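Per-entry structural report
Given next are the chains, with one letter for each unit.
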Amino acid sequence: MPLFTRSAAPWQAQRDTAAGRRINFENQLQREVLTFVRENPIPFWGLFGLVAGAAIRFGLARPALADSVWLVVFVVGGAPTVIKSLRKMLKGNFAADLVALLAIITAVIMQA
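Below, the structure is looked at part by part. (Residues numbered from 1 in each chain as written. Predicted model: local features only at pLDDT ≥ 70, side-chain atom pairs only at ≥ 80, totals over all residues. Heavy atoms only, no water.)

**Looking at the overall build of the chain**
Put simply, the test is: Think of it this way: any DSSP run of H or I at least four residues long counts as a helix, any run of E at least two long counts as a strand, and we number them from the N terminus. Contacts are assigned to residue pairs that have any heavy atoms within 4.5 Å of one another. Shrake-Rupley sampling with a 1.4 Å probe provides the accessible areas, and residues are treated as covered by the protein chains on show and by no other component.
Counting its regular elements, the chain contains 4 helices and 0 strands. Counting helices and strands in the order they occur from the N terminus, the chain gives α-α-α-α. Considering only contacts in the chain between residues 6 or more positions apart, those separated by 24 or more positions represent 27%. For the chain, the accessible surface area stands at approximately 9300 Å², while carbon and sulfur atoms represent 68% of it.

**Some points on the packing of aromatic side chains**
The condition is simple: Only rings of Phe, Tyr and Trp enter the pairing, Trp through its six-membered ring, and a pair is recorded when the two centres are within 6.5 Å. The plane angle decides the type: under 30 degrees is stacked, over 60 is edge-to-face, the rest tilted. With a 1.4 Å probe rolled over the protein chains alone, any residue whose accessible area is under 20% of its type maximum counts as buried; one over 50% counts as exposed, and the rest are partly exposed.
Here the structure, examined in full by the defined rule, presents 2 aromatic pairs. Both rings, one in Phe44 and one in Trp45, keep their centres 5.2 Å apart while their planes meet at 75 degrees; by these two values the pair is edge-to-face. Taking relative accessible area as the criterion, Phe44 reaches 37% and is therefore assigned partly exposed. Taken together, a centroid distance of 5.5 Å and an interplanar angle of 85 degrees make the contact between Trp45 and Phe48 edge-to-face. Here Trp45 and its partner Phe48 are both found in helix 2 (residues 41-59), 3 residues apart, which amounts to about one turn of the helix. Members of the aromatic cluster, joined through ring pairs, are Phe44, Trp45 and Phe48.

**Examining the packing of helix 2 against helix 3 (residues 63-90)**
Note the cut-off: For helices, the fitted line uses only the C-alpha atoms of the stretch in contact; every axis is such a line through C-alpha atoms, and the angle between N-to-C directions lies from 0 to 180 degrees. Here is the rule for angles: anything less than 35 degrees is roughly parallel, anything more than 145 is roughly antiparallel, 65 through 115 is roughly perpendicular, and the remaining ranges are oblique. Nonpolar residues are Ala, Val, Leu, Ile, Met, Phe, Trp, Tyr, Cys and Pro. Charged residues are Asp, Glu, Lys and Arg, and all others, Gly as well, are polar.
Relative orientation of the contacting elements helix 2 and helix 3 amounts to 170 degrees, with a least axis distance of 8 Å. The pairing of helix 2 with helix 3 is recorded here as roughly antiparallel in orientation. Side by side, helix 2 and helix 3 meet where Ile42, Gly46, Gly49, Leu50, Gly53, Ala54, Ile56 and Arg57 of the first sit next to Pro63, Leu65, Ala66, Asp67, Val69, Trp70, Val73, Gly77 and Pro80 of the second. Taken together, the residues of the contact of helix 2 with helix 3 break down into 11 nonpolar, 4 polar and 2 charged.

**Regarding helix 2**
Condition: Multiply 1.5 Å by the residue count of a helix minus one, and that product is the helix's expected span. Within this analysis, the arc is defined by the directions that extend from the helix axis to the C-beta atoms.
End to end, helix 2 covers 26 Å across 19 residues, agreeing with the expected 27 Å (1.5 Å per residue, within 8%). Every buried residue of helix 2 is listed here: Gly46, Gly49, Gly53 and Ile56. The arc that holds every buried residue of helix 2, seen down its axis, measures 95 degrees, which confines them to one face. Of the exposed residues in helix 2, the ones pointing more than 90 degrees away from its buried face are Pro43, Leu47, Phe48, Val51, Phe58 and Gly59. Buried-residue contacts for helix 2 involve helix 3. Backbone geometry just after helix 2 places Ala61 at a positive phi near 55 degrees.

**Observations regarding the packing of helix 3 against helix 4 (residues 97-111)**
Let me state the cut-off plainly: Handedness of a helix crossing follows the sense of rotation of the near helix relative to the far helix, less than a right angle counterclockwise being left-handed and clockwise being right-handed.
The N-to-C vectors of helix 3 and helix 4 enclose an angle of 140 degrees; their axes lie 9 Å apart at closest approach. Overall, the two elements helix 3 and helix 4 adopt an arrangement that is oblique. Crossing hand, helix 3 versus helix 4: left-handed. Facing Leu71, Phe74, Val75, Gly78, Thr81, Val82, Lys84, Ser85, Leu86, Lys88 and Met89 of helix 3, the residues of helix 4 in contact are Asp97, Leu98, Ala100, Leu101, Ile104, Ala107, Val108 and Gln111.

See below:
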């Protein structure tokens, strides 16, 4: 029977446990980010559209196409806010969403 076995030293066991917690934390963070993106797709796609528009404008030097991409992102991203605000207005609830509604509609009219 050997005098020393190949078991891990106590400090290695603690390090492995800490690494396991870090891996679990990273997995949990990934799950939370994916859950947030699934539950709130508008900010994610809005950011994607802004970055895509910037890449088209500055990378491909096509400002007209970039403006079109940004307008689509603005209209599609702003539509849920407009619809929600209109529903609240029909119920008689006028709040700060009314200012957002007017800003979105005015910006689309001015851009067109």
